[in-house]
Amino acid sequence: MNDRTDAATLAPPGAGDERKARFEANKLSKRLHRQVGQAIADFNMIEAGDKVMVCLSGGKDSYALLDILLSLRQRAPVPFEIVAVNLDQKQPGFPEHVLPGYLTQLGVPFHIENQDTYSVVKKLIPEGQTMCSLCSRLRRGILYRVAGELGATKIALGHHRDDMVVTLLMNMFFGSRLKGMPPKLVSDDGRHVVIRPLAYVAETDLERWAEHRRFPIIPCTLCGSQDNLQRVQVKAMIREWERKYPGRIDNMLTAMGKVVPSHLMDRNLFPFTTIRAEGRPVAGGDIAFDEEPCAAPATAPLTLQPWRAAPGAAPTATED
Ligand code: SF4
C-alpha cells in the first residue's frame, strides 16, 4: 500500500468531479501519513524491533490507525511488527465476523480476545447510570494482559488531536487540573508503553479517510450506554470554535507542547517562593506591565519533522 495506490482507490466512482475527488483524496492521504510519521518521530514512538499492538475497536479512528501504520511501515526507517487486537466485549448485536474478515483480507496478524465484560458491567452498574468508566477499566486491564501474552512492546491507541484537546479542557473545566492526554506514556501497571500515533490528526480528517477507505465501521452504541455528556459538549464547543476561528484546535495542541511553568501557578514546577531579582535580564522574563503579545498567528501550522526515512527508502509523504 502506498499513497499513490491509496489515492487511486479513494476517488468514489461516479463522482461528479472525479479528478477533484482524486486530488482531495491524495492530499488527505499525504497529510495523514505526514502527521502520523511526524508524531512517531517527535516522540520516538516506534523503535527498531518493536512489536506494536494496534487496538482495534471497529471505529473509524482505530481502523485509520492500523491502515496508516501498515502503510508507513513499508517505508519506515526501522523494522517493526504489527499485530491487531480486538476485544470482543460481547455486547448484544456485536457483529463478530466483521473484524476477522477485514483483518484476514488485509493479511495482518491479529488476535480477537473474547471477554464478556458487558455482562459484568451490566451486573455491577445500576440501570440508568453510565457504564463507560468501569467498562474502560476492565478493557484496559485485559488489553494490558493480552499485550504481555503477545509479547507486544508498544500498545497503539487511536486517540487523535481532538481527543487530546478535549481531555485538556475537560480536566480544566471539571477536574481543576492542567492535564491533557499524552502522545506516549507508561501504562498505569508500569509494564507497557502506550502510544498515540494519531496525536496530530484532526478528527474530521479521520472521518473523511474512513469514508474514502470504506472501513466496515462497527457502531459504538451497541452497549446502549450514553456518551459522557460533558465530553460531548466540550467536543461540540471546540468544533464550533474551529468553524469560527480556523486553526484554534491546532494552536491549542501546539500549546500543550510549549509549557512555560514560570507563567503558571504550580509551585511544584516553579520555585515562586524563592525567586529573587538578580539585576540582569532574564530570558523569557516577564513584562509585568505590558499585555502579552500573541506569539503565533491564529493559523500557525505545527512545526513538526517527518519520520526520517532510512537511506535508500522511499521518500516519506511530503507537504500537501
Ligand atoms: S460506550 Fe459501551 S463499550 Fe464503550 S466504553 Fe461505554 S460502556 Fe463500554
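Residues numbered from 1 in each chain as written. Predicted model: local features only at pLDDT ≥ 70, side-chain atom pairs only at ≥ 80, totals over all residues.

A. The arrangement of the overall build of the protein in detail. A count of helices and strands for the protein gives ten helices and six strands. Within the protein, the proportion of its 320 residues that are buried is 28%. Across the protein, contacts joining residues at least 24 apart in sequence account for 77% of those joining residues at least 6 apart. (Helix = DSSP H or I, 4+ residues; strand = E, 2+ residues; numbered from the N terminus. Buried ≥ 20, exposed ≤ 12 C-beta atoms within 10 Å, placed from the backbone. Contact = placed C-beta atoms within 7 Å.)

B. Expanded view of the sheet that holds strand β5 (residues 184-186). One open sheet accounts for six strands, arranged β3-β2-β1-β4-β6-β5; its pairing is mixed. Single-partner strands in this sheet number two, and they are β3 (110-114) and β5. Recorded for the sheet is a direction-independent mean angle of 25 degrees between the axes of neighbouring strands. Taken together, the three bridges between strand β4 (residues 154-156) and strand β6 (residues 193-195) define a ladder with parallel strand orientation. For Lys154, the partnering residue across the bridge sits in β6 and is Val193. Contacting β1 (51-55), β2 (81-88) and β4, helix α3 (residues 60-73) runs over the sheet at an angle of about 155 degrees to β1. (Pairing = 2+ DSSP bridges. Axes fitted to C-alpha atoms, helices over the stretch in contact; angles between N-to-C directions.)

C. Highlighting the packing of helix α5 (residues 117-124) against helix α6 (residues 132-150). Relative to each other, α5 and α6 sit at 145 degrees, their axes nearing to 10 Å. The element α5 and its partner α6 pack so that their crossing is right-handed. In contact with Thr117, Val120, Val121 and Leu124 of α5, α6 contributes Leu134, Cys135, Leu138 and Arg139. Residue composition of the contact of α5 with α6, grouped by class: six nonpolar, one polar and one charged. (Left-handed = near helix turned anticlockwise from the far one by under 90°. Nonpolar A, V, L, I, M, F, W, Y, C, P; charged D, E, K, R; others polar.)

D. Local environment of the packing of helix α7 (residues 161-175) against helix α10 (residues 248-256). Packing of α7 against α10 leaves a shortest axis separation of 10 Å and a crossing angle of 70 degrees. With respect to α10, the axis of α7 lies roughly perpendicular. The way α7 lies across α10 gives a crossing that is left-handed. Mapping the contact onto sequence places Arg161, Asp162, Met164, Val165 and Leu168 in α7 and Ile249, Met252, Leu253 and Met256 in α10. Among the residues making up the contact of α7 with α10, the classes are represented as seven nonpolar, no polar and two charged. (Parallel < 35°, antiparallel > 145°, perpendicular 65-115°, else oblique.)

E. Spatial organisation of the pairing of β1. Counting buried residues in β1 gives four out of five residues, a clear majority hidden from the surface. As judged from the five bridges shared by β1 and β2, these two strands associate in the parallel manner. Each bridged residue has a counterpart across the sheet, and for Cys55 the counterpart in β2 is Val85. Where the polypeptide runs from β1 across α3 and back to β2, its parallel neighbour, the crossover connection is right-handed. (Right-handed = clockwise from strand over helix to strand, strands pointing away.)

So far we have only geometry, and geometry alone does not tell us how the molecule works.
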